[in-house]
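If you want the building blocks of each chain, they are given just below.
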Amino acid sequence: GKDKELIRGSWESLGKNKVPHGVIMFSRLFELDPTLLSLFQYNTNCGSTQDCLSSPEFLEHVTKVMLVIDAAVSHLDDLHSLEEFLLNLGKKHQAVGVNTQSFAVVGESLLYMLQCSLGQAYTAPLRQAWLNMYSIVVAAMSRGWTE
Ligand code: HEM
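Criteria and cut-off values
- Residues numbered from 1 in each chain as written.
- Predicted model: local features only at pLDDT ≥ 70, side-chain atom pairs only at ≥ 80, totals over all residues.
- Heavy atoms only, no water.
- Helix = DSSP H or I, 4+ residues; strand = E, 2+ residues; numbered from the N terminus.
- Contact = heavy atoms within 4.5 Å.
- Near = heavy atom within 4 Å.
- Polar contact = N/O pair within 3.5 Å; in protein donor to acceptor, adjacent residues only side chain to side chain.
- Nonpolar A, V, L, I, M, F, W, Y, C, P; charged D, E, K, R; others polar.
- Core = buried A, V, L, I, M, F, W, Y, C linked by side-chain atoms within 4.5 Å.
- Buried < 20%, exposed > 50% of the residue type's maximum accessible area, 1.4 Å probe, protein only.
- Donors = N, O, S within 2.8 Å, 3.2 Å for Na, K, Ca; no water.
- Tetrahedral: all angles 85-135°; square planar, octahedral: opposite > 155°, others 65-115°.
- Expected span 1.5 Å × (residues − 1).
- Arc of directions from axis to C-beta.

J.: Would you explain the environment of Met133 in this entry?
T.: As for its placement among the helices and strands, Met133 is situated in helix α7 (residues 124-142). Between the C-alpha atoms of Met133 and Lys4, which are 129 residues apart in sequence, the distance is 9.1 Å. Leaving out residues up to four positions away in the same chain, Met133 has contacts with Ile7, Ile69, Ala72, Val73, Leu76 and Leu79.

J.: Looking at this model, I keep getting lost on the site of the ligand. Mind explaining?
T.: Looking at the ligand, there are 13 residues lining it, with Tyr42, His61, Lys64, Lys92 and His93 nearest. Between the ligand and the protein, one listed contact pairs an oxygen atom with a side-chain N or O atom of Lys64 at 2.5 Å. The side chain of Lys92 places a nitrogen or oxygen atom 2.7 Å from an oxygen atom of the ligand. Among the elements that take part in the shell around the ligand, helix α4 (residues 56-74) stands out by supplying 4 residues, more than any other. A class-by-class count of the residues in the shell around the ligand yields 9 nonpolar, 2 polar and 2 charged.

J.: Could you clarify how one ought to interpret the nonpolar core in this entry?
T.: Across soluble globular proteins, you tend to see nonpolar side chains buried next to one another. Counting residues in each nonpolar core, the largest one holds 47 residues, and the members touching the most others are Phe26, Ile69, Leu114, Trp130 and Met133. Of all the secondary structure elements, the ones that give two or more residues to this core are α1 (2-14), α2 (18-32), α3 (49-53), α4, α5 (83-95), α6 (102-118) and α7. Beyond its immediate sequence surroundings of up to four residues, Phe26 is in contact with Phe40, Phe58, His61, Val62 and Val65.

J.: Whenever I open this one, the coordination of the iron atom of the ligand confuses me. Can you help?
T.: In an ideal tetrahedron of four donors about a metal, each angle is 109.5 degrees. In an ideal octahedron of six donors, the angles are 90 or 180 degrees. Binding of the iron atom of the ligand to the protein goes through His61 (NE2) and His93 (NE2), at separations of 1.9 to 2.0 Å. Note that the iron atom of the ligand binds 6 donor atoms; their angles at the metal cover 84 to 179°, and the shape is octahedral. Of this pair, His61 sits in helix α4 while His93 sits in helix α5, placing them 32 residues apart in sequence. A single burial state applies to His61 and to His93, both of which are buried.

J.: Before we go on, may I ask you to explain α5 in this structure?
T.: Two residues of an α-helix separated by three or four positions point the same way, owing to the 3.6 residues in each turn. Over its 13 residues, α5 runs 18 Å from end to end, which matches the ideal 18 Å to within 8%, given 1.5 Å per residue. Taken as a whole, α5 has its buried residues at Leu86, Leu89, Gly90 and His93. Around the axis of α5, the buried residues are gathered within 105° of arc, so they sit on the same side. For α5, the exposed residues set more than 90 degrees away from the buried face come down to Glu84, Lys92 and Ala95. Tucked inside the fold, the buried residues of α5 contact α4 and α7. The positive-phi residue at the C-terminal boundary of α5 is Gly97, with phi of around 100°.

See below:
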């Protein structure tokens, strides 16, 4: 319905430029929660936001995140087909020390990036459509967390 049209329409241009948009999203994430920087422990330690944002491994992660969003947008009609993948992705994030509570801040950062990139096209219904899709993705990933 309307949600899907809004999401697809807005992703059309953003999805062609994944890395810059992902960098806006993660810059915002580190602004909102700088402790998340320490979870990216590549060879080149992510000591500061600038170190992190310029490390190739980190930019690869940004690409990976954007590809998952891209997959969700492409599977809006059958998001459940991604459940197994997202559950395993959740497991991997528990293993690297991410808390499920951090997904709220990730969601805020995603919305921030959309707002920056879409300008006037960022409307309340569009925001809600993205939140709905994001919450399905987060719910599926969160099932990967075990006690
Ligand atoms: C892997 C951290 C959010 C998608 C990883 C890795 C780390 C990490 C340390 C392993 C190293 C690497 O592959 O670069 C984080 C942190 C997050 C976050 C701190 C936010 C709090 C997300 C989100 C998505 C995502 C929201 C997608 C929706 C991926 C993917 C991988 C990955 C696809 C590769 C998994 C694999 O190796 O199969 N993440 N991540 N990450 N992350 Fe994240």
